[in-house]
Structures are given as C-alpha cells and as structure tokens.
Amino acid sequence: MNRFKRNVTTLGEFIIERQADFPWAKGELSRLLLDIAIAAKIVNREVNKAGLADILGGAENVNVQGEDQMKLDVFANEQFIAALNSTGECCAIASEENEDMLEFAGPVATQGKYVVAFDPLDGSSNIDVNVSIGTIFSIYRKRSIGNATLEDFLQPGTEQVAAGYVIYGSSTMLVYTTGHGVNGFTLDPSIGEFCLSHPDMKIPKTGGIYSLNQGNYNAFPQGVKEYIKYCQDKDKATNRPYSLRYIGSLVADFHRNMIKGGIFIYPPTEKSPNGKLRLLYECNPLAMIIEQAGGKATTGTQRIVEVKPTSLHQRVPLFIGSEDMVNQAEQMMLEFNSEKSSVTE
Ligand code: AHG
Ligand code: MN
Ligand code: MN
C-alpha cells in the first residue's frame, strides 16, 4: 500500500467525481447535495447536544399535521431552508413543517433549476429518549417556466433526480442516490467530513425482520394481519419466524432494513385509510433509494413512485424493503383485502 495515498473518499470528492453522470447538470446538483450535507452537519451538532442545551421539549407551535412540534424540528427546518436558499440552485422548497411551498426571493426564484421537498427531522418523538432520528429529502427539476409552482412538487416519484436521508444515530450517516446506485457516507466528527463507508449499497433480496406498529393490529386490513401471521409462523426454508423490530423513526427502521434485509410497513387503518406517512418527503425519496438498492416500495397495491401526487402533505400506505418480503405482503393484500373492500365500499 502506498503510504502517501489517502484511502478515504469524502462526500465532496465523490460528488465531484460523479458529476459526469449528469452532463445536463453542470454542477448545480452537486452544489445542492453539498449544501444539504452542510445543513446535516449543523443539525447533527445540535442533535448530539440535545440533552445539554435548552433545546429539548415541545415548541409552542403545532405543525400542519396537528402533531406536537419539537424545538429541534423547527431548528432543523430552518437549517435546511437556509442551506437550500444559499445554493442559488434551489428555487423553492416544501417541508413537513410548512403548510405551503416556500419560494426563495431574488433571481433564484426564476433561475433556480431545482425544487426540494424534505422532512427536516423524522422520528422527532424520539429526540428526548436518545434514539436515532433522521432527515429525508427529495430533489426534482423545476418544470415550470419562470417561477416554481405547486405542480413542480406534485411530480411523481419517478421524476426525482436525487433523493437521500441522513440518520443521526450511534454514528451519523448520509445516504443518497442520483439514480446511479446508492452510496452511504459516515460522518467522521474528528475531521468534520462525511466519508464513503457504504459504496453501492444493496438491500438483501429477503431478510429476517418485519417492522410495523403492531399496537394498531386491530385496525389493520386483513391482508396485513395475514402477513403478520406469516412472519410469525415457523418455516425452516424461509427462516421464519422473523424478528419484529420497530424503532418509531422511519429513517432508522428503513436504514436497518437496508443493511440487514427486512420489510417496513405503515399500513392503512380504519382511522387513517392512507396510513400516516407522507408521499412527497417520506415515501417517495425512500422508495427511490430502495429501488436503486434492489428492493421494492409499494402502497400495498401500487408502486410508490408511480403515485401521482395531488397535494403537498398527502399520505400513502407504505410497504418497503427486501423484494421478496414486499412481494409476499403485496400478494396477501391482494388475496385477503378484495373481499373486505367489496363489502365496505
Ligand atoms: P415525524 O417525526 O417526521 O413526524 O415522523 C414520524 C413518523 C415516522 O418516523 C415513524 O415511522 C412513524 O411516524 C411512527 O408512527 P407511529 O408512532 O404511529 O408508529
Ligand atoms: Mn417523518
Ligand atoms: Mn418530521
């Protein structure tokens, strides 16, 4: 080994190396991703001292979904908005924490080529118990001529040019795709850089973990109940029963399944027929990543990235993870739900 050759690739180096993948982008997308990485480092710093600073607890506001909003949600939202505003590439954003899209002022409003939708802090109920939380983002090219419009955010997930997440966990990682595979970078706090640690990530075709909020069991559709039973049944060939793991931070549950193989489900329930998770800034970006990693993401009946969004904060049911497991769950949804839906409709 050449002792004068550094064997670490930083996120910045990697993004520049991969710029050739986008002859049309002329570096704007690279700058956008690097600015997101800076915001992630700042949020990471605050998350890490969450127990120390006067930053814990609920802010006075309640977000647009009517859920309690933690102070760190507000902080993270502001950091990501500021980072995206400073790129000169992003003309408008949509965030879980803002009811409407937010257009940036100045020349960028018409000149910026991209719009970004994000969940600034995912799993925020886990902040004060020291459990992993995350950020999720999705980047689209602005289609409108002139200023961005709502339609630019309502493009189906198939149109995403890049998507990623940050997990603030036992170590902090940034994972992203631009449609050419998935790469993961771990933050080395001693040098303040995200370093390539998980090149070309692939999710195992099947796994041994199922992940859903089983407390809602009684409200689940019959297909999901049958799938849970399937996961719990003993079967040597498929290594069942599977283990149940549920962190309650989508990013953390997703990241574990990406590495170990598994399925995450947030099903429709009687009270919430579209589930809980948001299409634009939770389901679509993770769906793009999982597909790039060889896995699958559906609503139980339809590929997530093919759902045509109708509103910014739209919810969809989510079945996401290892291909074989999602296929199995989808098959059971098909088999056991058709009877019920024909009765209830
Ligand atoms: P957020 O903190 O951005 O509102 O997201 C919380 C989400 C997601 O992270 C997690 O998978 C899900 O809520 C957990 O919901 P339940 O408590 O209903 O299981
Ligand atoms: Mn979330
Ligand atoms: Mn959130």
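For the structure, see preceding data.
Residues numbered from 1 in each chain as written. Chains lettered and ligands numbered in written order. Predicted model: local features only at pLDDT ≥ 70, side-chain atom pairs only at ≥ 80, totals over all residues. Heavy atoms only, no water.

Turning to the coordination of the manganese ion (ligand 3), a few remarks are in order. Binding of the manganese ion (ligand 3) to the protein goes through Glu 96 (OE), Asp 119 (OD) and Leu 121 (O), at separations of 2.0 to 2.3 Å. The motif formed by the donor residues of the manganese ion (ligand 3), counted along the single chain, is E-x22-D-x1-L. For Leu 121, a relative accessible area of 1% translates into the label buried. (Donors = N, O, S within 2.8 Å, 3.2 Å for Na, K, Ca; no water. Buried < 20%, exposed > 50% of the residue type's maximum accessible area, 1.4 Å probe, protein only.)

This part is about the site of ligand 1. In the region of ligand 1, 18 residues are neighbours, and Asp 122, Gly 123, Asn 213, Tyr 246 and Tyr 266 sit closest. The side chain of Tyr 246 places a nitrogen or oxygen atom 2.5 Å from an oxygen atom of ligand 1. Tyr 266 is positioned with one of its side-chain polar atoms (N or O) 2.6 Å from an oxygen atom of ligand 1. Protein contacts shield 85% of the accessible area of ligand 1, which totals 470 Å² for the unbound molecule. At the level of secondary structure, the elements contributing two or more residues to the shell around ligand 1 comprise strand E5 (114-122) and strand E13 (263-266). Of the residues forming the shell around ligand 1, the biggest block, 3 residues, is contributed by E5. A per-class count over the shell around ligand 1 returns 6 nonpolar, 5 polar and 7 charged. In terms of domain composition, the shell around ligand 1 takes at least three residues from each of domain 1 (11-198) and domain 2 (209-336). (Near = heavy atom within 4 Å. Polar contact = N/O pair within 3.5 Å; in protein donor to acceptor, adjacent residues only side chain to side chain. Areas by Shrake-Rupley, 256 points an atom, 1.4 Å probe, with all protein chains shown as cover. Helix = DSSP H or I, 4+ residues; strand = E, 2+ residues; numbered from the N terminus. Nonpolar A, V, L, I, M, F, W, Y, C, P; charged D, E, K, R; others polar. Domains from an automatic or database assignment.)

What follows concerns the coordination of the manganese ion (ligand 2). Protein coordination at the manganese ion (ligand 2) comes from Asp 119 (OD), Asp 122 (OD) and Glu 282 (OE), with a distance range of 1.9 to 2.1 Å. Between the manganese ion (ligand 2) and the manganese ion (ligand 3), a spacing of 3.7 Å is present, and a bridge between the two is formed by Asp 119. For the pair Asp 119 and Asp 122, one class covers both residues: buried.

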